[in-house]
Structures are given as structure tokens and as C-alpha cells.
Amino acid sequence: MIKYVIFAAVATTVLAFPSFRTRIPNGDKVPNPCPGGGTWQGVGHLNSTGGGPLNPFGVDFDAALFQWTQALCRLDSDKDGKTNGEELGDPNCTFTAAVPGTLLPPTGNPGTMLKLAVFTLAVATVILGHPSFKGLIPNGDKVPNPCPAGGVWPGVGHFNISGGGERNPFGVDFEAANLIWTVALCKLDSDLDGKTNGAELGDPGCIWTPTNNAPVLPPLSHPGICDPISAPACKDQRVVC
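Cut-offs used in this document
- Residues numbered from 1 in each chain as written.
- Predicted model: local features only at pLDDT ≥ 70, side-chain atom pairs only at ≥ 80, totals over all residues.
- Heavy atoms only, no water.
- Helix = DSSP H or I, 4+ residues; strand = E, 2+ residues; numbered from the N terminus.
- Buried < 20%, exposed > 50% of the residue type's maximum accessible area, 1.4 Å probe, protein only.
- Areas by Shrake-Rupley, 256 points an atom, 1.4 Å probe, with all protein chains shown as cover.
- Phe/Tyr/Trp six-rings, centres within 6.5 Å; stacked < 30°, edge-to-face > 60°.

As recorded in an unreviewed UniProt entry, the protein goes by the name Temptin Cys/Cys disulfide domain-containing protein, listed as coming from Lymnaea stagnalis.

This is the structure in C-alpha cells:
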């Protein structure tokens, strides 16, 4: 329905429009936490210039119907230990768009916890591409390459054979399992090729753990890449052999 399209269009520009920035304290002075410094124009977005995915503050501002409320002020949207009001120079939550009052200088970005974001990105880019991670799943160093070249696929959790970059479905599920080979993860069919992750990695009974060293079968196939790649069910996946 058209009204949902309109709402989506508004949501994608939360606090990127100048008019939205006037609705929060110091909206035009929110600091950029990245090394380059300056200001973060797209206050409600992960992108500093606005547009694209909302950051946690953008989500909360949207939920508050684009109003600076007491509740929004007292939230810690980015979970960095400081309230949105403290970060935006309104620690007592007295600001209103109609009567701005006296504000302190902003102390941070209410939607971006830089250290956490950098850490998360660093972890996400090496999911099962790092040698130590491969020891956390059965046959992690023997996962077969489903492409015609054969061999093994070292970056098990990635579409890139050598690791890094976009994660494949198994990499996404492995991260969601807190990087632990659980029975639930074992019984999933991450790549939707009709075989469970456990069956593909040689642990069909889901008994293996990194510490018990339970015997496993040879790996059957790749848990994050639908195979055989030529099968109709696998034709739309993002793998280039």
C-alpha cells in the first residue's frame, strides 16, 4: 500500500533532513566519532551523510514519532553508558524544538558507539576465516570447495574462499550462535540445500564439541554454500567460482 511506501521513505531519511535535526538538541553539531572528526550530518543513520540503514538512535527517534521526548532523552540508544541527552548536551532533558533553552556542547554521537562498532565489524569480517575459528566447528579445516576447482574452502563463513567480506548463511548463523557449535546450529540447514550443517560437516549426530574431540565423518559438503552449485535450488546464491 502506498502509505507504507511513504513511511519507508521517511524512515530512510530520519535525522538526515535539516528539519529533523532541529528537533533534537545540537542536531547540527553532533560530532563524528571517526578519526576524521567534524560533524555527523545523518544523525539517525549509520552513514554519516544520511540515507540507508538507521542507527540505534534513528530507530528510537522514529519510534518516538520524530519528537525529542523525556523518554528518548533518557535512553542510551547506542549502549555506550551515556544517555542520549548527555551525548547531545541536554543532560536534564529540558530541550524542546519550540524552546531550545541553554544547551551544553554535545559530547558524543547518540547512535554510534564507535569502539563497539569497530570491534563488531572486525569480528564479522573474519567469521570462520580466521584459523582459530575453524577449530570451533567439526572438520573446520577440511570444508570442501563446491566449485569445480575443488580443494578446501578456508573462509568457511564467507562467500570469499579466503575469508573476509560478506558472510555466507552459515557464517551468519554461526555468529548468531555466539561462535559456538551448538546442537541447534548443527541441525540447521543454513544454505537451504536439503542437508543439515552437521551432515555437511561430518557430524550428523551433533555430538562433536571442540573439547570432546568426538569422532566425525569426512565432511560431505559446504554448510554455507548451496550445492551442487548447478542445482536449480542453488542458482541464485552469491557465489562466483
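Back to the write-up after that little detour.
Novice: Could you give an account of the overall build of the protein, naming the residues involved and the relevant values?
Specialist: Within the protein one finds ten helices and zero strands. When the elements of the protein are put in sequence order from the N terminus, they spell out α-α-α-α-α-α-α-α-α-α. By the burial criterion, 39% of the 241 residues in the protein qualify as buried. Summed over its atoms, the accessible surface of the protein is roughly 12500 Å², and 65% of this surface lies on carbon and sulfur atoms.

Novice: Now, about the packing of aromatic side chains: what can you tell me, with residues and values included?
Specialist: On inspection of all chains with the given rule, the structure shows five aromatic pairs. Seen in terms of ring centroids, Phe57 and Phe61 are 6.1 Å apart; in terms of plane orientation they differ by 20°. Their pairing is stacked. You can see Phe57 and its partner Phe61 sitting in helix α3 (residues 56–63), four residues apart, about one turn around the helix. An angle of 55° between the planes, with centres 6.5 Å apart, marks the rings of Phe57 and Trp68 as tilted. With Phe57 in helix α3 and Trp68 in the loop between α3 and α4 (70–74), the pair connects residues that are eleven residues apart, well separated along the chain. Residues Phe57 and Trp68 agree in their burial class; the two are buried.

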